[in-house]
Amino acid sequence: MKSVFITGGTTGIGMELAKIYIHMGWKVGVCGREKTKFLENFATDQDKVSFYQVDVSNRDQLKAAVHEFSHSIGLDLMIANAGIGYKYKTKIPDFEYSYKMVNINLLGVMYAFEAALDHMIPRSKGQLVAMSSIAGYNGLPGASAYSATKAAVTKYCESLTLDLRPFGIYVTTICPGFVDTPLTKQNSHPMPFIMPADRAAQKMVKAITKKKMIFATPFLMATAVRLISMLPRTWYRFIMTIKIFNYSKD
Ligand SMILES: NC(=O)c1ccc[n+]([C@@H]2O[C@H](COP(=O)([O-])OP(=O)(O)OC[C@H]3O[C@@H](n4cnc5c(N)ncnc54)[C@H](OP(=O)(O)O)[C@@H]3O)[C@@H](O)[C@H]2O)c1
């Protein structure tokens, strides 16, 4: 039986991914900081999933949880999904929150991969998945640290796909557009092409199963941001002065 560990698997995208893998008959481990979220959202599946109360920005805590899961159950797939969104809507960054975001969104992915590779490298097989974002293609207004962490995660994984392939390890980067989760509930700005979390998770599982190197969804939004990322940056700066894009306040 196959096994997957999902960081931030207690709500939103991670929870939907966990439910799909449970349905597929996999052994599933999830982690999060608050046990109440797990108890609420897995009320009927608690016997099918192992929960670890872990903060992914704590390297030792995460390593201990992943090692416990992989030693007792196995580890075919690691999905480093835990992340926090941008909450400041002003043009002056909230630096404390930005550092927290780097610790969770970027270092949390590295710590998850490090712990998973302890199990996967000796076996010469496994798959690492990181939840990046299309927000990493361009620096978005009011989301400097968020865009930076997601751009870093995408490039980090791009390198790892090359480095780890000789060891039998596949790496997949997922770049969603807007997905309807507790994270996006806090947004007051327009969220074009927003997807239900269960639908988004189904598409992600297909891409993970195909061992895609990178999967950006939905297609139209992903294509638009990719094209925009190729524009000269002065054009980009001009486009982003248009009111509908520039939602952050002074
Ligand atoms: N929703 C979107 O539109 C969207 C778009 C692109 C990318 N993403 C990315 O998708 C991922 C999941 O987002 P979501 O929308 O599903 O958010 P969500 O509903 O807020 O879920 C986030 C999950 O991560 C956990 N988490 C947060 N910080 C953590 C920490 N320090 N240690 C351990 N667990 C932590 C949360 O549980 P606790 O709070 O209990 O720890 C929760 O289980 C994130 O990386 C996000 O950046 C989301």
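Residues numbered from 1 in each chain as written. Predicted model: local features only at pLDDT ≥ 70, side-chain atom pairs only at ≥ 80, totals over all residues. Heavy atoms only, no water.

Novice: Let's hear about the overall build of the protein: which residues, and what values?
Specialist: Summing up its helical and strand segments, the protein has nine helices and nine strands in all. With respect to the three principal axes, the spread of C-alpha positions in the protein is 55 × 40 × 30 Å. The buried share of the protein, reckoned over its 250 residues, is 50%. With 30 positive and 18 negative side-chain charges, the protein shows a spacing of 8 Å between the two charge centroids. (Helix = DSSP H or I, 4+ residues; strand = E, 2+ residues; numbered from the N terminus. Buried < 20%, exposed > 50% of the residue type's maximum accessible area, 1.4 Å probe, protein only. Lys, Arg positive; Asp, Glu negative; His and termini not counted. Charge placed at Lys NZ, Arg CZ, Asp CG, Glu CD.)

Novice: Break down the side chain of Thr-172 for me, with residues and values.
Specialist: For Thr-172, the position within the fold is in strand S6 (residues 169-176). Dropping the residues within four chain positions of it, Thr-172 is found in contact with Gln-127, Leu-128, Val-129, Ala-130, Lys-211, Lys-212 and Met-213. (Contact = heavy atoms within 4.5 Å.)

Novice: Report on the pattern of salt bridges, specifying residues and quantitative values.
Specialist: Where charged atoms from two side chains of opposite charge come close, those side chains can pair. The final tally for this structure, using the stated rule, is eight salt bridges. Note that Asp-45 is salt-bridged to Lys-19, the shortest N-O span being 3.8 Å. Here Lys-19 lies in helix H1 (residues 12-23) and Asp-45 lies in the loop between helix H2 (35-41) and strand S3 (49-53), a separation of 26 residues in the sequence. Taking the shortest distance from any N to any O, the salt bridge between Glu-114 and Arg-59 comes out at 2.7 Å. With a gap of 55 residues between them, Glu-114 in helix H4 (residues 95-123) and Arg-59 in helix H3 (residues 59-72) connect regions that are remote in the sequence. Residue class for Glu-114 comes out partly exposed when judged on its relative accessible area of 26%. (Salt bridge = Lys/Arg side-chain N within 4 Å of Asp/Glu carboxyl O.)

Novice: Explain the layout of surface pockets to me, and be specific about the residues and the numbers.
Specialist: The volume enclosed by the second largest pocket comes to roughly 240 Å³. Residue lining of the second largest pocket: 14 residues in total, with Lys-2, Trp-26, Asp-76, Gln-127 and Lys-211 positioned closest to the centre. Those elements that place two or more of their residues in the lining of the second largest pocket are strand S5 (126-131) and helix H7 (197-209). Looking at the lining of the second largest pocket residue by residue, the class counts come to six nonpolar, four polar and four charged. (1 Å grid on protein atoms, 1.4 Å probe; cavity = no way out; pocket = protein on both sides within 12 Å on 5 of 7 lines; lining within 4 Å. Points joined across faces, edges and corners; volume = space filled by probe spheres on them. Nonpolar A, V, L, I, M, F, W, Y, C, P; charged D, E, K, R; others polar.)

Novice: Tell me what's going on with the packing of H4 against helix H5 (residues 144-164), and back it up with residues and numbers.
Specialist: Each pair of packed helices can be described by the angle between their axes along with the distance between the axes. Taken N-terminus to C-terminus, the directions of H4 and H5 make an angle of 20°; their axes are 8 Å apart at the nearest point. Classified by the angle their axes make, H4 and H5 are roughly parallel. The two elements H4 and H5 meet at a crossing, and its hand is right-handed. Within the contact between the two elements, H4 uses Ser-98, Met-101, Val-102, Asn-105, Leu-106, Val-109, Met-110, Phe-113, Leu-117 and Ile-121 and H5 uses Ala-145, Tyr-146, Thr-149, Lys-150, Ala-152, Val-153, Tyr-156, Cys-157, Leu-160 and Leu-164. Broken down by class, the residue content of the contact of H4 with H5 amounts to 16 nonpolar, three polar and one charged. (Axes fitted to C-alpha atoms, helices over the stretch in contact; angles between N-to-C directions. Parallel < 35°, antiparallel > 145°, perpendicular 65-115°, else oblique. Left-handed = near helix turned anticlockwise from the far one by under 90°.)

Novice: A description of the pairing of S6 should follow, citing residues and the corresponding values.
Specialist: Of all eight residues in S6, seven are buried, a share of seventy percent or more. Where S5 lies against S6, six bridges are found, and the strand directions are parallel. Among the inter-strand pairings, Gly-126 is bridged to a residue of S6, identified as Ile-169. (Pairing = 2+ DSSP bridges.)

Novice: Got a sec to walk through the side chain of His-119? Specific residues and values, please.
Specialist: Inspection of the secondary structure assignment puts His-119 in helix H4. At 3.5 Å, the side chain of His-119 and the backbone nitrogen of Leu-75 are in polar contact. His-119 has contacts with Ser-70, Gly-74 and Leu-75, leaving out every residue within four places of it along the chain. (Polar contact = N/O pair within 3.5 Å; in protein donor to acceptor, adjacent residues only side chain to side chain.)

Distances and angles like these do not, on their own, reveal function.
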